[in-house]
Amino acid sequence: MLRNSFIATLTFAVIHVLPALGENTTMTNNLKVLVSSNDFPESGLEVLRKHFTVLQSRFIHFGEEGITENKEELLNLIPGCSGLVWVSHHPITKELLDKAGPSLKVVATASAGYNHCNLDELKARGIKLANTPNVLSPAVAEIAVGLILGAARRFTENLDQVRRGEWEIGFNKVLGQDVRGSTVGIVGLGGIGQAVVKRLAGFEVGKFVYTGHREKPEGKALGAEFVSLDQLLAQSDFIVLAVPLTSETKHMINSTTLAKMKKNAILVNVGRGDLVDQDALYDALKNHQIYAAGLDVTTPEPLPKDHKLLTLPNIFILPHIGSATVRTRSDMGVLAANNVVNALSGKPLITPVLE
Ligand code: DGY
């Protein structure tokens, strides 16, 4: 008798009380979430593991490995997954979405840019998409400032001299351009563009101008003047590209727009490589039609080591490291993970692209 009532109490507890205690997790922990790379930050994985069964690729989702071994791995792991955390700039293919099937409800890309995310296919299947803007703006803006200085002060040539042990010594040698007193033009005054202006405030810039779809209140607060793209190209000593890649912005820097720049203009790109027609940029730099360029993004990535851009002394190129700091990558991981948690527990995405 006593034994029976003990069993009844235990059964009641298992069915009613324990699930209530762990309400948040039991709601979702039978759901599977796939993380596309073996180097996603632990902080993001911790968030996911509290809620879901987490599957993670054994491979890194970048470069060659991402398009060979990892591709097969992801196709094998994705069936039945409800969420996908995408950790690279490789395109999300229709094949992968087909394999995922109708269980897939949300994709969170650990990047601000989402030009690789196949929006049309996601939309057609009703899959939500989140990105990780804002948390990376400070780090990307720091790299933009680095590129401004690197291109203006001829880091490529100077580093080369140091490596060769052949310094051009002289009062009038390897002279660069000042940021002080210059006009800095920001193409796209979003989070990154604004962070660039804030960081350059201490450089005694003469004037900030910006262009975009519309004038922004933040522009006024930062003391930046809204101008047309043509006005920006004609006035700026430094031109910083901080816009997403879309059909509208693809090759926005081309032979026509380069021809509108000042002879001392320095072009900086922290957006995507395809914002710039690289053949036209090569010609403009080679012919000293503009002064220099600093790029954190190129087409393709990695840029082949025998690429013609790398033969130029007046270009300073980094390997897409804009958001690559320990803190920022962790913040991006946590934000991507929390977007998945929200989507799969019926809450709005924190940073939605498609909802
Ligand atoms: C982004 O998040 O889009 C940056 O390019 C870093 O990957």
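Residues numbered from 1 in each chain as written. Predicted model: local features only at pLDDT ≥ 70, side-chain atom pairs only at ≥ 80, totals over all residues. Heavy atoms only, no water.

The next subject is the overall build of the chain. A count of helices and strands for the chain gives 15 helices and 13 strands. Here the chain holds 355 residues, and 45% of them are scored as buried. A separation of at least 24 residues holds for 61% of the contacts in the chain among residues at least 6 apart in sequence. Distance between charge centres in the chain, computed from 35 positive and 35 negative side chains, equals 4 Å. (Helix = DSSP H or I, 4+ residues; strand = E, 2+ residues; numbered from the N terminus. Buried < 20%, exposed > 50% of the residue type's maximum accessible area, 1.4 Å probe, protein only. Contact = heavy atoms within 4.5 Å. Lys, Arg positive; Asp, Glu negative; His and termini not counted. Charge placed at Lys NZ, Arg CZ, Asp CG, Glu CD.)

This part is about the domain arrangement of the chain. Segmenting the chain into domains produces domain 1 (31-133 + 327-354) and domain 2 (137-317). For domain 1 versus domain 2, the distance between C-alpha centres works out to 32 Å. (Domains from an automatic or database assignment.)

Around the ligand, the neighbouring residues are His89, Ser111, Ala112, Gly113, Leu136, Arg272, His320 and Ser323. Side-chain polar atom of Arg272 to an oxygen atom of the ligand: 2.7 Å apart, as the coordinates give it. Coverage of the ligand by the protein amounts to 91% of the 230 Å² it exposes when considered alone. (Near = heavy atom within 4 Å. Polar contact = N/O pair within 3.5 Å; in protein donor to acceptor, adjacent residues only side chain to side chain. Areas by Shrake-Rupley, 256 points an atom, 1.4 Å probe, with all protein chains shown as cover.)

Taken in spatial order, the six strands of this open sheet run 2-1-3-4-5-13, and their pairing is mixed. Edge positions in the sheet fall to strand 2 (53-56) and strand 13 (352-354), since each of these pairs with one other strand and no more. Strand after strand, the sheet turns through a mean of 20 degrees between neighbouring axes, direction not considered. With four bridges joining them, strand 3 (residues 83-86) and strand 4 (residues 106-109) adopt parallel strand pairing. (Pairing = 2+ DSSP bridges. Axes fitted to C-alpha atoms, helices over the stretch in contact; angles between N-to-C directions.)

As enumerated under the stated definition, the model contains 15 salt bridges in all. In this structure, Glu225 and Lys207 form a salt bridge, with 3.2 Å as the shortest nitrogen-oxygen distance. Remark: Lys207 occurs in strand 7 (residues 207-211) and Glu225 occurs in strand 8 (residues 224-226); sequence separation between them is 18 residues. Between Lys220 and Glu215 there is a salt bridge, with its nearest N and O atoms 3.8 Å apart. Connected via shared salt-bridge partners are Lys94, Asp98, Glu121 and Arg125. (Salt bridge = Lys/Arg side-chain N within 4 Å of Asp/Glu carboxyl O.)

For Thr351, the position within the fold is in the loop between helix 15 (326-344) and strand 13. With residues near it in sequence (within four places) discarded, Thr351 still touches Ala130, Asn131, Pro133, Leu335 and Asn339. A polar atom in the side chain of Thr351 sits 2.7 Å from the backbone oxygen of Asn131.

In total, this model carries zero disulfides according to the counting rule given. In this structure Cys81 is a free cysteine whose sulfur lies 17 Å from that of Cys117, the closest cysteine sulfur available. Judged by relative accessible area, Cys81 falls into the buried class, the value being 0%. (Disulfide = S-S within 2.5 Å.)

To continue, consider the packing of helix 3 (residues 42-51) against helix 15. Viewed as axis vectors pointing N to C, helix 3 and helix 15 meet at an angle of 20 degrees, and their least axial separation amounts to 7 Å. Taken as axis vectors, helix 3 and helix 15 run roughly parallel relative to one another. The two elements helix 3 and helix 15 meet at a crossing, and its hand is right-handed. Between helix 3 and helix 15, the residues in contact are Ser43, Gly44, Val47, Leu48 and His51 and Ser330, Gly333, Val334, Ala337, Asn338, Val340 and Val341, respectively. Here the contact of helix 3 with helix 15 is built from residues that sort into six nonpolar, six polar and no charged. (Parallel < 35°, antiparallel > 145°, perpendicular 65-115°, else oblique. Left-handed = near helix turned anticlockwise from the far one by under 90°. Nonpolar A, V, L, I, M, F, W, Y, C, P; charged D, E, K, R; others polar.)

With that out of the way, let us pick up the sheet that holds strand 12 (residues 315-317). Within a sheet, adjacent strands bond to each other through the backbone by hydrogen bonds, running parallel or antiparallel. The parallel open sheet is built from seven strands, whose spatial order is 8-7-6-9-10-11-12. What marks the edges here is a single partner per strand, and that holds for strand 8 and strand 12. Taken over all neighbouring pairs, the strand axes of this sheet differ in orientation by 15 degrees on average, direction set aside. In terms of strand pairing, strand 10 (residues 266-269) meets strand 11 (residues 292-295) through four bridges, oriented parallel. From the neighbouring strand, Val268 faces strand 11, where its bridge partner is Gly294. Sheet contacts for helix 8 (residues 137-152): strand 9 (238-241), strand 10, strand 11 and strand 12; angle to strand 10, the most-contacted strand, approximately 150 degrees.

Within the secondary structure layout, Asp160 lies in helix 9 (residues 155-164). For the pair formed by Asp160 and Pro313, sequence separation is 153 residues and the distance between their alpha carbons is 9.2 Å.

The next point concerns helix 15. Under the 1.5 Å per step criterion, the end-to-end length of helix 15 is 27 Å for 19 residues, consistent within 8% with the ideal 27 Å. By the burial criterion, the buried members of helix 15 are Thr328, Met332, Gly333, Leu335, Ala336, Ala337, Asn339, Val340, Val341, Asn342, Ala343 and Leu344. Count one or two residues on from helix 15 and you reach Gly346, which has phi positive near 75 degrees. (Expected span 1.5 Å × (residues − 1).)

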